[in-house]
Amino acid sequence: MDLVIKNGTVVTATESYRADIGVDGGTIALIGRDLSGAEVIDAAGMLVMPGGVDPHTHMELPFMGSISADDFRTGTIAAACGGTTTIIDFAIQGAGQTLRQALDIWLKKAEGKACIDYGMHVAIGAMDDERMAEMGDMVEFGVPSFKVFMAYKGSFMVDDETLFRSLIRAKEIGGLIAVHAENGDILHYLINKHVAEGKKEPIWHARSHPAEAEAEATHRAVVMAGMTGAPLYVVHMTAGDALEALKAGRAKGFKVFGETCPQYLMFSVEKYAEPGFEGAKYVMSPPLREKGDSEALWRGLAGGDLQAVGTDHCPFNFVGQKDMGKDDFSKIPNGMPSVETRLPLLYHFGVGQGRFSVNRFVELVATGPARLFGLLPRKGTISVGADADLVLWDPKREHRLTKENLHMNVDYSPYEDVTVRGYPALTLQRGKVIVRNNQFVGDVGAGQFLKRSPIHL
Ligand SMILES: [Zn+2]
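Residues numbered from 1 in each chain as written. Predicted model: local features only at pLDDT ≥ 70, side-chain atom pairs only at ≥ 80, totals over all residues. Heavy atoms only, no water.

Participant: In this structure, what is going on with the packing of helix H11 (residues 342-352) against helix H12 (residues 358-372)? I would like to understand it.
Facilitator: Angle between the axes and distance between the axes are the two parameters that describe a pair of packed helices. Two elements in contact, H11 and H12, have axes separated by 10 Å at closest approach and are oriented at 150°. Classified by the interaxial angle, the pair formed by H11 and H12 is roughly antiparallel. Remark: the crossing between H11 and H12 carries right-handed chirality. Taking contact as the criterion, the partners of Arg342, Leu343, Leu346, Tyr347 and Val351 in H11 are, on H12, Val358, Phe361 and Val365. Class assignment of the residues belonging to the contact of H11 with H12 gives a composition of seven nonpolar, no polar and one charged. (Axes fitted to C-alpha atoms, helices over the stretch in contact; angles between N-to-C directions. Helix = DSSP H or I, 4+ residues; strand = E, 2+ residues; numbered from the N terminus. Parallel < 35°, antiparallel > 145°, perpendicular 65-115°, else oblique. Left-handed = near helix turned anticlockwise from the far one by under 90°. Contact = heavy atoms within 4.5 Å. Nonpolar A, V, L, I, M, F, W, Y, C, P; charged D, E, K, R; others polar.)

Here is the structure:
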């Protein structure tokens, strides 16, 4: 054994038990008692969990006239410090590009910079017969998931026929359609109306993206998934009514799955009314909702109606980026920093406050996303043969989530006042320690591109 992690409590999505973990050649070789190896890490008092899998990040994303502030170096260092060892980012098809060209652009952004392992989805902007055909090549290349937008009219939004056809195509080839579910026509009308009426403060962003428009689009996508028999993953769900639409589909046996993000659990629409321009820090799509929606999402996570927690990590600096929309909410770059704080927030407010078990926590932040996106069993769990991507989680460690205590390359933390209990002490990737005591000690560029399996859910 190259390495043995001794005396810890191993936590998976289904079990917690005392065992040592033996690592050889970067993978888990043995789980048992009294193992010995060349190097030993004492994990007494620690929970030994699979590294987090974040299925929804946007590093170095050109968006709304700016570029998200984390690149693949800073963003993946931050992820690792927060206990995440795998991300799946989105290659976004630009005008006139093939899917392969878009993918190559994103692979180049990550190469030599990514500090943890990463996969890619392809976000399809212009869907035509050639792109439909090309989806099969993407699956063969290890990119079996595709993002389709029901919002952003005039740029990414696709019509219903296109969404319907892409679901049929995905089912044929072992692909998974991930959908941004908001009614783009309604949003387009409301945004233009409010701007024309001079209603330009951040709160009007929320009023231009009503929960009903999310619930309606979610329902529509769920119905199409049911009709086609294709699996569907609804990203960043925020509204209780949208969750009801997902639940109704699942009750009928449709293969529909939902993700939410920590910001929708932690905050509500009141944030947009904060004095000055503070509300801009929380401008993202969909927007923050009512407190009752957050509670519905928590119940969905606990009860199994939601299957994953991603981040939609897409940070923009308050000064120099968010303030592009100082006089007009529709020009505020949409997005928030989140990749580093996902596990600590879900652990503290989920496990720590008794909403769900530590096993459910592992399912939501690691095993579930790995299963849904074709990474299991290599990522997202602790089993013999899996990559030794591990977090030694100190359940007693307290950490205040101020900007200074975090690594994301952005000039604010949305969680300045929040102190969590439970934080990574060590993060390992493929058997190598990459974070020790909140400091990245790995190698820049050591992250590997993950070719994922076709998805048959
Ligand atoms: Zn996103």
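Participant: What exactly am I supposed to notice about the side chain of Thr57 here?
Facilitator: For Thr57, the position within the fold is in strand S6 (residues 52-57). Side-chain polar atoms of Thr57 contact the side chain of Asp89, separated by 2.7 Å. (Polar contact = N/O pair within 3.5 Å; in protein donor to acceptor, adjacent residues only side chain to side chain.)

Participant: Is there a simple way to think about the nonpolar core in this case?
Facilitator: Inside soluble globular proteins, nonpolar side chains tend to come together where they are buried. Among the nonpolar cores identified, the biggest contains 119 residues, and Met135, Leu163, Leu232 and Phe361 are the most heavily contacted of them. Not counting chain neighbours up to four residues away, the residues in contact with Met135 comprise Leu99, Ile124, Met127, Phe146, Ser166, Arg169, Ala170, Ile173 and Ile177. (Core = buried A, V, L, I, M, F, W, Y, C linked by side-chain atoms within 4.5 Å. Buried < 20%, exposed > 50% of the residue type's maximum accessible area, 1.4 Å probe, protein only.)

Participant: What exactly am I supposed to notice about the coordination of the zinc ion here?
Facilitator: Each pair of donors in an ideal octahedron of six around a metal sits at 90 or 180 degrees, and each pair in an ideal tetrahedron of four sits at 109.5 degrees. Looking at the zinc ion, one finds its protein donor set to be His56 (NE2), His58 (NE2) and Asp312 (OD), positioned 2.1 to 2.2 Å from the metal centre. Of note, the zinc ion draws all its donor residues from one chain, in the sequence arrangement H-x1-H-x253-D. Of this pair, His58 sits in the loop between S6 and strand S7 (62-63) while Asp312 sits in the loop between strand S15 (308-309) and H11, and the two are 254 residues apart along the sequence. Per residue, the accessibility class of His58 equals that of Asp312, and both read buried. (Donors = N, O, S within 2.8 Å, 3.2 Å for Na, K, Ca; no water.)

Participant: Honestly, the sheet that holds strand S10 (residues 117-123) in this entry has me stumped. Any pointers?
Facilitator: Strands in a sheet are paired, the pairing made by backbone hydrogen bonds, and the direction either parallel or antiparallel. Ordered in space as S6-S9-S10-S11-S12-S13-S14-S15, the eight strands form an open sheet in which the pairing is parallel. The sheet terminates laterally at S6 and S15, the two strands that pair on one side only. Across four bridges, the pairing between S6 and strand S9 (residues 84-92) is parallel. Looking at S9, one finds that Thr57 is bridged to Asp89. (Pairing = 2+ DSSP bridges.)

Participant: Would you mind going over the side chain of Ser145 with me for this structure?
Facilitator: Mapping Ser145 onto the fold places it in strand S11 (residues 145-149). At 2.7 Å, the side chain of Ser145 forms a polar contact with the side chain of His121. For Ser145, the side chain forms a polar contact with the side chain of Arg452, separated by 2.8 Å.

Participant: Help me understand the layout of surface pockets, please; the structure alone is not making it clear to me.
Facilitator: Any empty space left between the atoms is revealed when a probe the size of a water molecule rolls over them. Volume-wise, the largest pocket comes out at about 430 Å³. Around the largest pocket, the lining is made up of 19 residues, and of these Met64, Tyr152, Ile191, His209 and Ser330 lie nearest the centre. When grouped by side-chain class, the residues that make up the lining of the largest pocket number eight nonpolar, nine polar and two charged. Here the second largest pocket is characterised by a volume of approximately 290 Å³. Surrounding the second largest pocket, 20 residues form its lining, His58, Leu61, Phe63, Ile92 and Tyr152 being those nearest its centre. Mapped by element, the contributors of at least two residues to the lining of the second largest pocket are S7 and S11. (1 Å grid on protein atoms, 1.4 Å probe; cavity = no way out; pocket = protein on both sides within 12 Å on 5 of 7 lines; lining within 4 Å. Points joined across faces, edges and corners; volume = space filled by probe spheres on them.)

Participant: What exactly am I supposed to notice about the pattern of salt bridges here?
Facilitator: Opposite charge on two side chains permits them to pair, given that their charged atoms come into close proximity. Evaluated as defined, the whole model comprises 30 salt bridges. Its salt-bridge partner being Lys113, residue Asp71 comes within 3.5 Å of it at the nearest N-O pair. With Asp71 in the loop between strand S8 (66-67) and helix H1 (72-81) and Lys113 in the loop between helix H2 (99-110) and S10, the pair connects residues that are 42 residues apart, well separated along the chain. On the basis of relative accessibility, which here comes to 19%, the residue Asp71 falls in the buried class. Judged by relative accessible area, which is 28%, Lys113 ranks as partly exposed. One salt bridge connects Arg131 with Glu130, and the closest N-O pair in it is separated by 3.6 Å. (Salt bridge = Lys/Arg side-chain N within 4 Å of Asp/Glu carboxyl O.)

Participant: Just to check I follow, could you spell out the pairing of strand S14 (residues 256-260) for this structure?
Facilitator: Every regular strand shows the same layout, with side chains that alternate between the two sheet faces. S14 sits mainly inside the fold: five of its five residues count as buried. In S14, alternate side chains face the same way, and those of Val256, Gly258 and Thr260 on one face and Phe257 and Glu259 on the other are all buried. The pairing of strand S13 (residues 232-234) with S14 spans three bridges and is classified as parallel. Paired with Leu232 across the strands is Val256, a residue of S14. Taken together, S13, helix H8 (residues 240-251) and S14 constitute a β-α-β crossover, and its handedness is right-handed. When S14 meets S15, the two strands line up parallel, connected through two bridges. Residue Thr260 lies in a different strand from S15, and its bridge partner there is Val309. (Right-handed = clockwise from strand over helix to strand, strands pointing away.)

Participant: Whenever I open this one, helix H5 (residues 184-196) confuses me. Can you help?
Facilitator: A turn of α-helix holds 3.6 residues, and therefore any two residues three or four places apart point the same way. For H5, spanning 13 residues, the distance from its first C-alpha to its last is 18 Å, which sits close to the expected 18 Å at 1.5 Å a residue. For H5, the secondary structure elements touched by its buried residues are helix H6 (203-207) and helix H7 (211-228). Where H5 starts, the residue carrying a side-chain oxygen 3.1 Å from the main-chain nitrogen of Asp185 turns out to be Asn183. Two residues or fewer after H5 comes Gly198, characterised by a positive phi angle close to 80°. (Expected span 1.5 Å × (residues − 1).)

Participant: In this structure, what is going on with the packing of helix H3 (residues 129-141) against helix H4 (residues 160-173)? I would like to understand it.
Facilitator: Packing of H3 against H4 leaves a shortest axis separation of 10 Å and a crossing angle of 30°. Put simply, H3 runs roughly parallel to H4. In this structure, the crossing between H3 and H4 has a hand that is right-handed. Residue-level contacts link Asp129, Met132, Ala133, Met135, Gly136 and Val139 of H3 to Thr162, Arg165, Ser166, Arg169, Ala170 and Ile173 of H4.

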